[in-house]
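Observations on the model geometry
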Amino acid sequence: MSTTEQRVAIVTGAARGIGAATAVRLAAEGRAVAVLDLDEAACADTVEKITAAGGKALAVGCDVSDAAQVEAAVARVAAELGAPTVLVNNAGVLRDNLLFKMSDTDWDTVMNVHLRGAFLMSRACQKHMVDAKFGRIVNLSSSSALGNRGQANYAAAKAGLQGFTKTLAIELGKFGVTANAVAPGFIVTDMTAATAERVGMGFEEFQAAAATQIPVQRVGRPEDIANAIAFFTGEAAGFVSGQVMYVAGGPLN
Ligand SMILES: NC(=O)c1ccc[n+]([C@@H]2O[C@H](COP(=O)([O-])OP(=O)(O)OC[C@H]3O[C@@H](n4cnc5c(N)ncnc54)[C@H](O)[C@@H]3O)[C@@H](O)[C@H]2O)c1
C-alpha cells in the first residue's frame, strides 16, 4: 500500500467524548474512520461531523467485549471501508466502588470492556495490519493505572492495558505495526460528569477542584487526547512503540 492511499482507522467508543474527538481528528488527517460504539444510531453525530467536513466515516454498532460481534464488525469495516490498519481501543466504562462494596459484576464488566475488548479488537485487526505491513494500535490507559481510590477494577484494567500494549509492540513490531498507550488525566466528558454526580458535586465545581491539582491549572479536553493519539497513529511515528504517554497537564510517575 502506498501512503497516498487512504488508510482505514477504527475508533471504539467513538459515539461521544474522547473517541468522538479522536475519530474527527483522524478523519481530518485523511483516514477513513469506522466510528464504532455499542449502538450504531448513537454514532450518527460523529459520522455527520466527519462527513460534513469532507471526510469518510462509517457507523458500526458493536459491543467490543463480544467476540462474535467484534469479528463481524471488523469484517464489515474491511468490506465497506477497506482493511483497518489503525485501531484506537478507546471504549470504556466505570463501575467505581470501594473494594468491600465492589460486586463481581462491577469487576467483570470493567475487565470485559477495557481488557477483553482491546484484546478482541486487536486480534481481529492485526491480520489486516500484518498483511499491509503497517499498523498503528493505540490503547487508552489512564492516570488511574497508578492507583486510585474506588477504582480497583478500573486501575487494574488500565494498568493491564499498559502490559498488553508493550507486548503487542514486541510481537507485532516486525510487521511494521506499532502499539502505544495514551493515559489521560482528567478530561471533560460524560464519564467525568458521571463521577462528579456520584460524589455529589456539580460538574463545574468538580472541574475547578481538579484543575487546582493539575500543573497547567486546567482540566483536559477530548481534543487534548486526540492530539496525542494522532501523533502515535501518524505515518511518521513508526519508530515509537511500546510507550505509555501520560496526557494529564503535568508529570505522573
Ligand atoms: N474522561 C477521562 O477523564 C478519562 C481519563 C482517563 C482515561 N479515560 C479513558 O478514555 C476512554 C474514553 O473515555 P470518555 O471519557 O470519552 O468516556 P465516555 O463515557 O464519554 O465514552 C465512552 C464510550 O465508550 C462506549 N462503550 C462503552 N462500552 C462499550 C462496549 N462494550 N463496546 C463499545 N463501546 C462501548 C460508550 O457507549 C461511550 O460512547 C475510556 O477508555 C476511558 O476509560 C478517560
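Residues numbered from 1 in each chain as written. Predicted model: local features only at pLDDT ≥ 70, side-chain atom pairs only at ≥ 80, totals over all residues. Heavy atoms only, no water.

1. A closer look at helix H4 (residues 104–132)
Taking 1.5 Å of rise per residue, the 29 residues of H4 would be expected to cover 42 Å, and the 41 Å separating its terminal C-alpha atoms lies within 8% of that figure. Asn-112 marks where H4 bends most, by close to 35 degrees. Downstream of H4 by a residue or two, Lys-133 has a phi angle that is positive, lying close to 55 degrees. (Helix = DSSP H or I, 4+ residues; strand = E, 2+ residues; numbered from the N terminus. Expected span 1.5 Å × (residues − 1). Bend = angle between axes of the 7 residues up to and from the residue.)

2. Quick notes on the packing of aromatic side chains
The tally for this structure, following the rule as stated, stands at 2 aromatic pairs. Between the aromatic rings of Phe-231 and Phe-232, the centroid separation amounts to 5.4 Å while the plane-to-plane angle is 55 degrees, which identifies the pairing as tilted. Exposure remark for Phe-232: the relative accessible area of 2% places this residue in the buried category. Over the ring of Phe-134 we find Arg-7, and its NZ or CZ is 3.4 Å from the ring centre. (Phe/Tyr/Trp six-rings, centres within 6.5 Å; stacked < 30°, edge-to-face > 60°. Buried < 20%, exposed > 50% of the residue type's maximum accessible area, 1.4 Å probe, protein only. Lys NZ or Arg CZ within 6 Å of the ring centre and 35° of its normal.)

3. Some thoughts on helix H3 (residues 67–80)
Residues lying three or four places apart along an α-helix face the same way, a consequence of the helix completing one turn every 3.6 residues. Here H3 is 14 residues long and its end C-alpha atoms lie 20 Å apart, about the 20 Å a rise of 1.5 Å per residue gives. On the buried face of H3, the contacting elements are strand S1 (8–12), strand S2 (32–37), strand S3 (57–61), strand S4 (84–89) and H4. Backbone geometry just after H3 places Gly-82 at a positive phi near 125 degrees. (Contact = heavy atoms within 4.5 Å.)

4. Describing the pattern of salt bridges
Per the counting criterion, the structure on display carries 9 salt bridges. Here Arg-7 and Glu-235 are joined by a salt bridge, their closest N and O atoms 2.7 Å apart. A residue pair is termed long-range when its members are at least 10 positions apart, and Arg-7 in the segment before S1 and Glu-235 in the loop between helix H8 (222–233) and strand S7 (244–247) qualify at 228 residues. For Arg-7, a relative accessible area of 5% gives the class buried. Note that Arg-76 and Glu-40 form a salt bridge whose closest N and O atoms lie 3.4 Å from each other. Of this pair, Arg-76 sits in helix H3 while Glu-40 sits in the loop between S2 and helix H2 (44–52), placing them 36 residues apart in sequence. For Arg-76, a relative accessible area of 25% translates into the label partly exposed. (Salt bridge = Lys/Arg side-chain N within 4 Å of Asp/Glu carboxyl O.)

5. Here's the deal with the site of the ligand
Residues in close proximity to the ligand total 29 residues, the closest being Arg-16, Asp-37, Asn-90, Tyr-154 and Thr-189. Between the ligand and the protein, one listed contact pairs a nitrogen atom with a backbone N or O atom of Cys-62 at 3.4 Å. At 2.5 Å, a side-chain N or O of Tyr-154 approaches an oxygen atom of the ligand. Calculation on the ligand without its partners gives an accessible area of 830 Å², and the protein chains cover 94% of this total. (Near = heavy atom within 4 Å. Polar contact = N/O pair within 3.5 Å; in protein donor to acceptor, adjacent residues only side chain to side chain. Areas by Shrake-Rupley, 256 points an atom, 1.4 Å probe, with all protein chains shown as cover.)

6. So, the pairing of strand S5 (residues 135–140)
The element S5 is largely enclosed, with a buried count of 6 among its 6 residues. By the alternation rule, side chains of S5 split into Gly-135, Ile-137 and Asn-139 and Arg-136, Val-138 and Leu-140, which are all buried. With 4 bridges joining them, S4 and S5 adopt parallel strand pairing. Note on S5: the bridge partner recorded for Asn-89 is Asn-139. Read as a crossover between parallel neighbours, the route from S4 over H4 to S5 is right-handed. Note: S5 against strand S6 (residues 177–184), 6 bridges, orientation parallel. Bridge pairing in S6 places Gly-135 opposite Val-177. Considered for its hand, the β-α-β crossover made up of S5, helix H5 (residues 152–172) and S6 is right-handed. (Pairing = 2+ DSSP bridges. Right-handed = clockwise from strand over helix to strand, strands pointing away.)

7. Digging into the sheet that holds S3
Pairing is parallel across the open sheet formed by 7 strands, whose spatial order is S3-S2-S1-S4-S5-S6-S7. Unpaired on one side and paired on the other, S3 and S7 mark the two borders of the sheet. If you compare each strand with its neighbour and ignore which way they point, the axes differ by 20 degrees on average. Most of the contacts of H2 go to S3, to which it runs at about 170 degrees, and overall it touches S2 and S3. Taken strand by strand, H3 contacts S1, S2, S3 and S4, and its axis lies near 160 degrees from that of S3. (Axes fitted to C-alpha atoms, helices over the stretch in contact; angles between N-to-C directions.)

8. Focus: the domain arrangement of the chain
Buried accessible area, meaning the area lost when the parts come together, often serves as the stated size of an interface. Annotation of the chain at the domain level lists domain 1 (8–185 + 223–241) and domain 2 (186–219). For domain 1 and domain 2, the distance between their C-alpha centroids amounts to 23 Å. Each partner contributes residues to the interface: domain 1 has 12 residues there, and domain 2 has 8 residues. Taking both sides of the interface into account, the surface hidden between domain 1 and domain 2 amounts to around 770 Å²; carbon and sulfur atoms contribute 60%. Here domain 1 is connected to domain 2 by 3 salt bridges. Of the charged contacts in the structure, one is a salt bridge between Arg-218 and Asp-224, with a shortest N-O distance of 2.9 Å. On the surface where domain 1 and domain 2 come into contact, there are 4 residue pairs in polar contact (both at pLDDT 80 or more). Taken together, the residues of the side of domain 1 that touches domain 2 sort by class into 6 nonpolar, 3 polar and 3 charged. (Domains from an automatic or database assignment. Buried area = accessible area lost by both parts, 1.4 Å probe. Nonpolar A, V, L, I, M, F, W, Y, C, P; charged D, E, K, R; others polar.)

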